[in-house]
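# Descriptive structure summary
Given next are the chains, with one letter for each unit.
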Amino acid sequence: MNAFEFANAPTVEAAVKLLTPSDPKTDPDELPRALAGGQDLLTTIKAYITPAPRVVNLKTIQGLDKIADDGRGGLKIGALATITAIEESETIRKNFPGLAQAAHSIATPQIRNIGTIGGNLCQRPRCWYFRLETVKCLKKGGTECYASIGQNKYNAIIAGGPSYIVHPSDLAPMLIALNATLTITGPEGSRTIPVQEFFALPKVSVRHENVLKPGEIVTEVQVPATALAAKSTYLKFKERESLDFAMSAVAAALEMAADGTVKDARLVLAGVAPIPWRVPDAEKALIGKKPDAATLLNVAQIALQDADPLEHNAYKVPLTQTLMRRAIASLTA
Amino acid sequence: MPTTQPGKKTILVPKIVNGVPSGEEEIVVDDTDAPAWGPKDKHRLINTYLPRADGPHKATGTAVYTHDVKVPNMAYACFVTSPHAHARIKSVNKAAAEEVPGVLAVVPFPNLEEVRFEGQPVAAVAAKTLEAAEEAAHAVAIEWEQLPFVVTAEDAMKPGAPAAVNGGGGGRGGFRGGGNRGGNPEQVLDALKSCDVTVEATYTSVIMHHCCLETHSVVCDYSGGDSATVYCSTQGCNSIATDAARELGLPASKIAGIVYNMGGGFGSKFGIGIVGQWACRLSKKLSQPVKLVLTRREEFLGAGNGPGAIQTFKAGATKDGKLVAVHCIQHALPGIGRSNIAAQPYQYHAEHTYREQTTVNTNEDSSVAMRAPGHPQACFAMESLMDELAEKLGMDPVEFRKKNVPDPAWVRQLDAGAKAIGWNRNKTPGKSANGSSLVRGMGCGIGAWGGGGRGGCVATVNIGQDGSVTVQNASQDLGTGTRTYVRAIVAEELGLDYNDVLEEIGDSRFTNGVASGGSTTAASLAPAVKDAAYNARTEMANRVAPHLGADPSAVLFADRQIAGNGKALPWKQACAFLPSGGLSVRGEWKPGLSGNGAHGASFAEVEVDMETGHVRVVKMAHVQDGGLILNRMGAESQINGGMIQSLGMALYEGRVMDSNLGVMVNPAFNDYKLPGCLEIPELIPIIDDGDERNQVIGLAEPANIPGSGAIANAVANAIGVRIRELPITPDKILNALAQQKNV
Amino acid sequence: MSATPSPPANGSPADRKLSAVSRRGFLKGAAVAAAAAEGLLHQQPPASAAPAGDPAAPMSGPTPITLKVNGKDREVTVEPRTTLVSALRDHLDQPLTGPKLVCNAGTCGACTVILDGKIVYGCSVLAMDAIGRTITTVEGLGTPEKPNAVQKAFVEKDGMMCGYCTSGFVTNISNFLNKHPDPTLEEVKERCKGNFCRCGTYPHVFAAALAAAKANKT
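Notes on the structure follow. (Residues numbered from 1 in each chain as written. Chains lettered and ligands numbered in written order. Predicted model: local features only at pLDDT ≥ 70, side-chain atom pairs only at ≥ 80, totals over all residues.)

## As for the nonpolar core
One finds Ala-77, Val-125 and Val-715 of chain B to be the most contacted residues of the largest nonpolar core, which totals 430 residues. Top element by residues in this core is helix α13 (residues 521-548) of chain B. It accounts for 14 residues. (Core = buried A, V, L, I, M, F, W, Y, C linked by C-beta atoms within 7 Å. Buried ≥ 20, exposed ≤ 12 C-beta atoms within 10 Å, placed from the backbone. Helix = DSSP H or I, 4+ residues; strand = E, 2+ residues; numbered from the N terminus.)

So this is what it looks like as structure tokens:
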């Protein structure tokens, strides 16, 4: 691990100041890094993937870990709320069950106790090549996505290129299904955007997985009360149940009509694309239908219609189709 | 015939080199009566359920391992390793490394010009803190000239592939010549023609890692002067002093080699290794203690591995269930090393067999011994083949096996295992009874291991005038329970309680121990301890008998008392008759007390989700013989551990290489997947008490052998398609099912 | 060899050389001075140390801090990059041996410690981030002479072989039983899924957890 400076940020403003590089042209991997849970940050620093010159501790900022009611039945989740807090929140379990499930699916109790929602959204990719210090891949300023021509069993089948990472967050797809927004604070103030717009495809931004600019941090996530929230689920498939990132996962939120048809639906895939991947065509194919077996098959087909697998990951197509069918079925049974 | 001295005899014992059985050797032992173990069912401590002697310290974090050792003025060392699979070192620039604050030494390895695997150490760095050492190691700038490499067997077997090792290649890619052969291939191919069923198939298993939780590590406590203490995480405490003496230039007798506890070895830790060499060299250079601990990444890349194997069969059986002909080409995949995969048809008997083994070298670290070297690989392939044949015969796999095993022990074990698992195979593979996507299946397999005791072990029992009892030997406890049985044997012999005896092991200054390889430790050490305890008892009887007015041969040791002639003395009181220096008695390994040849059978039941490819092992049973069991609790732990490691091999583990870059892509616990809590099925460890041998036989390795084959067979029985390559991961299952649908 | 060496009983650190070495001379002396001279050390001790100046001022280089370990305030000099497990194992004057460093990546559980009542991976927390928080390691839960119920059950059920994962499991389960006094086997597995064992001791670990829960109730 390289040596770095460590600073405790007393306020969001101080954090932003500490995180803003003096030279705006600083390489993205050499920017000061924000420390929340630190589970991903420390592994990337230890492995010399992101040789941060400075680490800014956000946990010293009072109140950034609160999970609060937004006054309209929705949630305001501070960026430093731990995954455990989300998983164990009675309100979330009751009113946003999919979010509690997504939180529970993450890593291990030790990591969930300290990992945060903000950190989970800002994780770096888990691609084998990205995680190797000795390999300078496209995401690290190199010229090649080695996964695309190498060992790509876990990589993207949708919207890949030029990099084929998959985004590792479990909360993000669920938050997108729940129509959540998040607030970013930086040198130029704050802005709130849909979680979906937080993530950037490699063809837009190959070095970053999101739209954060130098000096910016996520400060809050807002989950609105919607008719979809109560019927939400996160179905994650892990190769190794004990501890793994998603081989594939589906976040689904539905609103049912009185006649047993689907009134509204939001469906998001994880583990298959460089960003959480919403499938609007599949949603359209589901809305207005009774969720019978034939409909589910059709919806699952459509959800994966854009899949273009690499050499070793075609299995993700039937796997994800299965998860899609099961996720919807579990909400409508 | 060699001439033996009077009172001596020559016997054959297993020869083990670095954990790998390497034939037999002759040794000379005393031709005298040895103490006997006594009836198996009459023991007070051994062959019962004993808590681990080191348990209280391990459970409270106070047991000291090499990683935990910290001595005054200790420097921390790190390796600089090669990022390339094959390269020449053009230059090494130490300047930046030497500028890191706290750095004490930066030493490129002398005379090293070429590296042949990623992770090969090329320089060592020492600093005052671990952080500084790591940073400095990272700052050593090496200019490389990359050379052609091969890192997959597939690439290595292509004609014209670059040679991974000197003398390899030769127009045959990565093949190394001189493969060993056995049998007449034409005869086997002829015999196949008269078989009722035949199977042609290739089975592949990949390179695996030991994943000892404690990585290779050494602390050399030497500050100049004429003596040193070397702490080492090794399976061979015995050799620490000799190995370190070479590096330090001291007499071995002035070096204490210490292995108080170690965090796993599984075959990967013999001698002090390159880690110890450099800890010693840096310590000598600095006249300062040095600690060198491999990082997890370095452990994956350069601390040894278990070889992969590609095994291609043509085999046939007759409809009465007789295995008749087996033709097998075995490719061992040991990186740049050499390795042996156990010969086919593994434990089965066939009238006509041909076996040819070749090594396919790649630019990866050398394979070393790994729990039952070469056996799980051979077993997985042969057991898969047996089920494929049984299926074609329409015969139950257990019955088919029983017809072809050469030893009745396996018949007994197959029956016991089948009973324990509730043997009931899926009659309609690929389908479940209720139409759900979850299908179940069962499979089994058998294994064998030589093991056996070797001469050379000497144990010492010390009895103090105050009644304290210690038993000493240089051997180490890998977690296998050595401490526990050493203590129990002595306590039982002397009529004492288990906690009355203190075992002192893992120190090379004690009387001769044995390196833990080939499951030979217990069979080598327990007899020596028994002999020492027996001698101590005899000596105590001689001393105490006069005070009881009894004949020494009629003195009894029981209930912490020494009794005779109608009188009894409490142990402590009896010991007060000893001279102030107490009593120190030795014992040696005696052949009659240990045996060899362990048999086992594994059974597995799995549930597979046909739509996701997820495999859940529902239940496993393993039946294992081991002669006289020293500690039934420890033995059951070992059997469970064997099943779990075979589960890892079957479903999760494997080194993954990138053939474009020549690098291992998963050198971390996140990506090299060990089974965790949620992967653990119901496990039924069964000690085969039908084994009547009253001899100590090691069982650590055999418990690891047949499980992966049993699971592979269970998966095939569940889904109706056979996966012939380990690990059996969801992608392989989904691909195989998709292929089947398309056919 | 004439002199009989005396190794620790059952591998405990009886050898006094194992237990202590002062690093403070180096850390508080030369290196700090050097760092300061180079202008690298703009540090102010963090909250729990003497507060002065700008609390947000970045710290670098060896810095003395206080950690609250097993009920005692322990002074230790660490760098910002020093992890909690390294501070405990490598930097304390009387180093701890319970939490082990195995994967150094938050994926095995051997370094599990209890931080403010919750289990965390000691390798994935910076020492400076643990200032002012309550740290409990396996050593703080019991001793060989006076083990807690979980430690006792681990011995009785043989919840260990090589023992290198044991501290992490014991720490995790001890903390777990506080809030879940009567867990099912499935709950134990779920709770321990971030702790890995290579010897394959798991079934014995599960049995020990359940036995300890039972023992706690009686």
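## Some words on the interface of chain C and chain B
Counting residues at the interface gives 64 residues for chain C and 66 residues for chain B. Looking at the side of chain C that touches chain B, the elements that each hand over two or more residues are α1 (16-19), α2 (24-37), α3 (84-91), α4 (149-156), α5 (166-179) and α7 (202-217) of chain C. Broken down by element, the residue count for the side of chain C that touches chain B peaks at four residues, all from α4 of chain C. Looking at the side of chain C that touches chain B residue by residue, the classes come out as 34 nonpolar, 19 polar and 11 charged. (Contact = placed C-beta atoms within 7 Å. Nonpolar A, V, L, I, M, F, W, Y, C, P; charged D, E, K, R; others polar.)

## Focus on the interface of chain A and chain B
At the junction of the two partners, chain A supplies 25 residues and chain B supplies 27 residues. Elements with a contribution of two residues or more to the side of chain A that touches chain B: α8 (146-149) and α13 (316-332) of chain A. A total of three residues in the side of chain A that touches chain B trace back to one element, the largest contributor, which is α13 of chain A. Tallied by class, the residues present in the side of chain A that touches chain B amount to 15 nonpolar, six polar and four charged.

## Comments concerning unusual backbone geometry
Residues and elements named next belong to chain B. In this chain, Gln-344 is followed by Pro-345 through a cis amide linkage whose omega measures 10 degrees. Within the element layout of this structure, Pro-345 appears in the loop between β16 (322-333) and β17 (352-360). Despite not being glycine, Asp-559 shows a phi value in the positive range, around 55 degrees. Relative to the elements of secondary structure, Asp-559 occurs in the loop between β22 (556-558) and β23 (561-564). Residue classification places Asp-559 among the partly exposed positions, given that 14 C-beta atoms sit within 10 Å. Phi is positive for Arg-560, which is not a glycine, with a value near 60 degrees.

## Examining the sheet that holds strand β1 (residues 5-8) of chain A
All names here are of chain A. If you trace the three strands from one edge of the open sheet to the other, you get β1-β3-β2, paired in parallel fashion. A single partner strand is all that each edge strand has here, and the edge strands are β1 and β2 (33-35). Each adjacent strand pair in this sheet contributes to an overall mean axis angle of 25 degrees, direction not counted. Sheet topology places β2 next to strand β3 (residues 54-57); three bridges connect them, and they run parallel. Each residue of the ladder has a partner; that of Leu-35, found in β3, is Asn-57. Across the sheet, helix α1 (residues 12-19) lies against β1, β2 and β3, angled at about 175 degrees from β3, the strand it touches most. (Pairing = 2+ DSSP bridges. Axes fitted to C-alpha atoms, helices over the stretch in contact; angles between N-to-C directions.)

## Brief notes about the environment of Arg-207 of chain A
All names here are of chain A. Position of Arg-207 among the secondary structure elements: in the loop between α10 (195-198) and β8 (217-223). Taking the number of C-beta atoms within 10 Å as the measure of exposure, Arg-207 has 14 and is therefore partly exposed. Separated by 66 residues in sequence, Arg-207 and Gly-141 place their C-alpha atoms 7.1 Å apart. Contacts of Arg-207, omitting those with residues within four sequence positions, involve Pro-28, Lys-139 and Gly-141.

## Structural notes on the packing of helix α12 (residues 482-493) of chain B against α13 of chain B
Relative orientation and spacing of two packed helices are given, respectively, by the angle between their axes and the distance between those axes. All names here are of chain B. Their axes nearest at 9 Å, the elements α12 and α13 cross at an angle of 25 degrees. Comparing the axis directions of α12 and α13 gives the class roughly parallel. Crossing angle aside, the handedness with which α12 passes α13 is right-handed. Counted together, Thr-482, Tyr-485, Val-486, Ile-489, Val-490 and Glu-493 of α12 and Thr-521, Ala-522, Leu-525, Ala-526, Val-529, Lys-530, Ala-533, Tyr-534 and Arg-537 of α13 form the full contact between these two elements. Across the contact of α12 with α13, the residue classes break down as 10 nonpolar, two polar and three charged. (Parallel < 35°, antiparallel > 145°, perpendicular 65-115°, else oblique. Left-handed = near helix turned anticlockwise from the far one by under 90°.)

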